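Below are the chains, spelled out letter by letter.
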Amino acid sequence: MSTSNRSNTDPQPFLLTGIPGLEALHVWISIPFCITYITALLGNSLVLLAVSLDRSLHEPMYYFIAMLAVIDLIFTTAVVPKMLGMFWLGSREIGFEACFIQMFFIHTSTAVESGVLLVMSLDRYVAICSPLRYSTILTGPRAVQMGLLSLARAAGVMTPLMCLLTRLPYCRGRVVPHSYCEHMAVAGLACADPAPGHLYSLAVATLLVGTDSAFITFSYAMILRAVLRLPSCEDRLKALKTCGSHVFVILIFYIGGLLSMYLQMFPFNLAPHVQVLVADLYLTVPPMLNPIIYGIKVRQIRGAILKLLGQLAGLRGSRA
């Protein structure tokens, strides 16, 4: 039986290397990743609990924020626990199927988040530019439908990529020079031409990001025009501060994702550990920032979180 056939019928696990060239520093490098993961878990969980338990937050804008929290929880949990296990315990092995499942969750979550950021920008556009029509254009059920549509779009474009990758015969070793199952690093281990998968992922990412970012740019440009027409200087500064923080997080998400992808395709003579660190930061920093920028900084959500924490503290005090 050929090596190619054996690789298809009896798939062996992959071995992650972590950050190539910095193996001796893995324990120290893991500390900031652990902190960002814990922060992301706490922040997104609090936002999700606040939106789900406080009936006054059952509105489209808060539904979108809750969707973003769910995505970030799935996104970061798909990667960081395995990464920390590798850094701390030397647990480098990841099963063949588990590797592609992790890959699917990473790429699907990224695509869903792009869609949710798009509908959030449209939500703010309608709220600021057409406030009298907001309640008729954006309802709770319609917000849920838009979230499900983002999920269906993401799963629809990522499933063919997974099919292309899982059908490749892997016979060039099992060592993935990365700290997670990055699809280009994994495809590089195939003994067949991975170009169709590379071209598909490049086309999908460029088209999806290009379309979403164009609509987001248009939305915030219209929002900026409306904000600059506000009569009160204080209102203008407040709106600009809020929109500025949103744009900052959006730029980190899109620029970080594209930079991570293109550095894997075109290394530009960068050291391998730099490429891996850029990818790792992209997977950990946005899920930590999103609940702060989109959730805790929002007065209504912050109030609901403080109320929730107060109730928990009261329950603990009564039991004591």
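Per an unreviewed UniProt entry, the protein carries the name Olfactory receptor and comes from Sclerurus mexicanus. The UniProt entry for the protein carries the following comment under Sequence similarities (unreviewed entry): "Belongs to the G-protein coupled receptor 1 family." The Function (unreviewed entry) field of the UniProt record for the protein holds the comment "Odorant receptor."

Colleague: Explain the environment of G90 here, please?
Modeller: Residue placement: G90 occurs in the loop between α4 (80-89) and β2 (93-94). Sequence-wise, G90 and H26 are 64 residues apart; in three dimensions their C-alpha atoms are separated by 9.6 Å.

Colleague: What is the right way to read a nonpolar patch on the surface from this model?
Modeller: On the surface, L25, V27, W28, I31, I35, W88 and L89 cluster together into a nonpolar patch covering about 800 Å² of accessible area. Residue assignment for the nonpolar patch shows that the elements contributing at least two residues are α2 (26-53) and α4. In terms of residue count, α2 provides more of the nonpolar patch than any other element does, four residues in total. Mapped onto the fold, I35 is located in helix α2.

Colleague: Just to check I follow, could you spell out the sheet that holds strand β3 (residues 175-176) for this structure?
Modeller: Hydrogen bonding along the main chain pairs the strands of a sheet, whether they run parallel or antiparallel. Here we have three strands laid out as an open sheet, ordered β2-β1-β3, and mixed in their pairing. Every interior strand has two partners, whereas the edge strands, β2 and β3, have only one. Bridge count between strand β1 (residues 14-16) and β2: two bridges; the pairing is antiparallel. Bridge pairing links L15 to E93 in β2.

Colleague: Honestly, the state of the cysteines in this entry has me stumped. Any pointers?
Modeller: Here a disulfide denotes one covalent bond, and it connects the sulfur atoms of two cysteines. One pass over the full model with this rule turns up two disulfides. The disulfide that involves C99 links it to C181, with 2.0 Å between the sulfurs. Every disulfide takes its handedness from the sign of the S-S torsion; for C99 and C181 that torsion is -125 degrees, giving left-handed. Remark: C181 occurs in the loop between β3 and α8 (183-187) and C99 occurs in helix α5 (residues 96-129); sequence separation between them is 82 residues. For the pair formed by C99 and C181, the shared burial category is buried. Residue pairing for C171: its cysteine sulfur links by disulfide to C191, the two sulfurs lying 2.0 Å apart. In this pair, C171 is assigned in the loop between α7 (140-166) and β3 and C191 in the loop between α8 and α9 (195-228), connecting sequence segments 20 residues apart. On the basis of relative accessibility, which here comes to 28%, the residue C171 falls in the partly exposed class. Taken in sequence order, the bonded cysteines of the protein link in the pattern 1-3, 2-4. Unpaired in terms of disulfides, C163 finds its nearest cysteine sulfur in C99, a separation of 15 Å. For C163, a relative accessible area of 33% gives the class partly exposed.

Colleague: Is there a simple way to explain the UniProt feature "transmembrane region" (unreviewed entry) in the protein in this structure?
Modeller: In this structure's numbering, the residues bearing the UniProt feature "transmembrane region" (unreviewed entry) are residues 25-49, 61-80, 100-122, 143-168, 199-223, 243-263 and 275-296. In residues 199-223, helix accounts for 100% and strand for 0%; the two terminal C-alpha atoms are 36 Å from one another. The span residues 275-296 is 100% helical and 0% strand by assignment, and the distance between its end C-alpha atoms comes to 32 Å.

Colleague: Sorry if this is basic, but what is going on with the pattern of salt bridges here?
Modeller: Side chains carrying opposite charge are able to pair once their charged atoms draw close together. Summed over all chains, the structure comprises two salt bridges. Note that D123 is salt-bridged to R124, the shortest N-O span being 2.8 Å. Residue R124 is classed as partly exposed on the basis of its relative accessible area of 21%.

Basis of the calculations
Residues numbered from 1 in each chain as written. Predicted model: local features only at pLDDT ≥ 70, side-chain atom pairs only at ≥ 80, totals over all residues. Heavy atoms only, no water. UniProt positions renumbered as here; feature names shortened; annotations may be inferred. Helix = DSSP H or I, 4+ residues; strand = E, 2+ residues; numbered from the N terminus. Patch = residues over 30% accessible without salt bridge, like charges linked within 9 Å, V, L, I, M, F, W, Y side chains within 5 Å. Areas by Shrake-Rupley, 256 points an atom, 1.4 Å probe, with all protein chains shown as cover. Salt bridge = Lys/Arg side-chain N within 4 Å of Asp/Glu carboxyl O. Pairing = 2+ DSSP bridges. Disulfide = S-S within 2.5 Å. Buried < 20%, exposed > 50% of the residue type's maximum accessible area, 1.4 Å probe, protein only.

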